[in-house]
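Here is what each chain is made of, one letter per residue.
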Amino acid sequence: MARAWGFWTRWKLEILANYLDAFSTAASGLSERVYLDLFAGEADNIDRDTGEPLRGSAEVALDVKDPPFTRLRFIELEHAEELRQELAPKMAGRDAQVLEGNCNEIIVDVLEALRSQKWAPTFAFLDPNGPDYSWSTLVALAGFKKGSPYKVELWILFPEPMFVRFLRVDGGTVRPEDRERISAMFGTDTWVRIYEARLSRGLTPSEARGEYVNLMRWRLENVLGYRWTHTFEVRTERDKPIYHMIFATDNEAGNDIMTYLYNRAAREFPKMRLEVIDRKKGYTEQRLFEDVDRDRALYEYEPPLPPFGGPERSSANN
Ligand SMILES: C[S@@+](CC[C@H](N)C(=O)[O-])C[C@H]1O[C@@H](n2cnc3c(N)ncnc32)[C@H](O)[C@@H]1O
């Protein structure tokens, strides 16, 4: 059965398609371009608001044409076989593979098998349902192109509202496995300082969410050495925060393209939300959106701040 996704997934997949098109065009002078999808998902997806089919991320990457990716690896834990069957016509004759397994366990081998393409521009998409990737996976990706001026570019879903839910402040117990998953994702337990400040009411839930995102960005830039990280907050039509999309790159062109796309998203995402609300209320007339300030930048890069609560202990850095 098709999996139904909210409008924000349509938005995410549109950004992915736009970015991958620009990425492959920018890398067209080179003979190889590599796409890695660590949470490749299911074959059959629909937009739950319109009922229209949605191409999943693997299909989006396979459809990039000008020029196409030369090697594509789709890692999927639960739906690998159905994804493989569905994508078979588009994968035929190409170096594209659906790999079944836990990306955190197999990423090192997947990268090792691509070792002779290690010089090639490489983009990795990490799109889990929760805190399902570990820091060691990000370390492996960031270290793969050692010696080359650009690391693997990362576009990562960061599910910080889930942390706020897991990390209870109502006196209830926090499950040890949730603590472990969060520490595994950050590669450190310094996030606990943010949680402690929540417990003492020193931070509001929204401030705590901001600090978790900042900590991840700070570590991507300062521990893994990415030159820029960008972040965009995704909210439901009811304005509930659901995740941030974090982009990490060393490449100036990548930085410019994602800045442009996040800027456009800052303008268009609120309109998409209103359209979904209208459709739910049964309004059929199209809204007229006034864009009086079209040239004003709504999104700008700002470097992450030092982590909440002071510098990280060096032993926890990797
Ligand atoms: C949000 S969906 C991905 C959607 C997909 N990127 C798309 O746009 O079509 C997350 C997927 O990750 C898979 N998954 C969960 N944990 C995983 C892991 N550790 N390694 C690989 N896949 C995993 C789930 O089975 C699920 O299909």
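One structure accompanies this document, and this report is about it. (Residues numbered from 1 in each chain as written. Predicted model: local features only at pLDDT ≥ 70, side-chain atom pairs only at ≥ 80, totals over all residues. Heavy atoms only, no water.)

### Describing the sheet that holds strand β2 (residues 34–37)
Just so we agree on the cut-off: The pairing criterion is simple: DSSP has to find at least two bridges between the two strands. Secondary structure elements follow DSSP: runs of H or I no shorter than four residues count as helices, runs of E no shorter than two count as strands, and numbering proceeds from the N terminus. To define axes, lines are fitted to C-alpha atoms, for helices over the stretch in contact only, and angles between the resulting N-to-C directions are given on a 0 to 180 degree scale. A contact between two residues is defined here by any heavy atoms of the two lying within 4.5 Å.
Within the open sheet, the seven strands sit side by side as β6-β5-β2-β7-β8-β10-β9. Their pairing is mixed. Each having just a single partner strand, β6 (95–100) and β9 (228–235) make up the two edges of the open sheet. Neighbour-to-neighbour, the strand axes of the sheet open up by a mean angle of 10 degrees, direction not taken into account. Alignment of strand β7 (residues 122–126) against strand β8 (residues 153–158), held across four bridges, turns out to be parallel. The residue bridging A124 from the neighbouring strand is L154, located in β8. Contacts between helix α3 (residues 80–91) and the sheet are confined to β5 (71–76) and β6, with β6 contributing the most and set at about 175 degrees to the helix.

### Overview of the environment of D37
What counts here: For the purposes of these results, a polar contact is taken to be a pair of N or O atoms within 3.5 Å, where, inside protein, one atom must be able to donate a hydrogen and its partner to accept one; residues adjacent in sequence count only when each atom of the pair is a side-chain atom.
Considering the arrangement of structural elements, one finds D37 in strand β2. Put simply, D37 and F74 are 37 residues apart on the chain and 4.8 Å apart in space, counted from C-alpha to C-alpha. The contact partners of D37, leaving out residues within four places of it in the chain, are S57, A58, R73, F74, I75 and F125. Side chain to side chain, D37 and S57 meet in a polar contact 2.7 Å long.

### Quick look at the site of the ligand
Keep this limit in mind: The rule for a residue being near a molecule or strand is that one of its heavy atoms must lie within 4 Å of it. The Shrake-Rupley method, run with a 1.4 Å probe sphere, supplies the accessible areas, and residue values consider only the shown protein chains as cover. Definitions used for this entry: grid spacing 1 Å over protein atoms alone; cavity, a set of points where a 1.4 Å probe fits but cannot get out; pocket, an open set with protein on both sides within 12 Å along at least 5 of 7 lines; lining residue, one with an atom within 4 Å of a point. To qualify as sitting in a cavity or pocket, a molecule needs more than half of its atoms within 2 Å of the grid points. Amino acids outside the nonpolar list (Ala, Val, Leu, Ile, Met, Phe, Trp, Tyr, Cys, Pro) and the charged list (Asp, Glu, Lys, Arg) are all regarded as polar, and Gly is one of them.
If you check the shell around the ligand, you find 19 residues, and the closest are F39, S57, E76, C103 and D127. Taking E76, its side chain carries an N or O atom lying 2.6 Å from an oxygen atom of the ligand. Within the complex, the protein chains bury 94% of what would otherwise be the 610 Å² of accessible surface of the ligand. When atom positions are compared with the pocket grids, the ligand is found to occupy the largest pocket. Its residues placed into classes, the shell around the ligand shows eight nonpolar, eight polar and three charged.

### Description of the nonpolar core
To be explicit about the condition: What is meant by a nonpolar core is a set of buried Ala, Val, Leu, Ile, Met, Phe, Trp, Tyr and Cys residues, joined one to another through side-chain atoms within 4.5 Å. Using a 1.4 Å probe on the protein chains alone, a residue whose accessible area is under 20% of its type maximum counts as buried, one over 50% counts as exposed, and one in between counts as partly exposed.
Within the largest apolar cluster, 50 residues are counted, with the highest numbers of intra-cluster contacts made by L38, L138, L141, L154, F158, Y212 and M216. In contact with M216, other than residues within four places in its own chain, are Y133, W135, L138, F158, M185, F186 and I246.

### Quick word on the sheet that holds strand β3 (residues 45–47)
The sheet built from three strands is open, its strands ordered β1-β3-β4 with mixed pairing. Edge strands, defined here as strands with exactly one partner in the open sheet, are β1 (3–5) and β4 (53–54). Judged from the three bridges that link them, β1 and β3 form a sheet pairing that is parallel. Each residue of the ladder has a partner; that of W5, found in β3, is D47.

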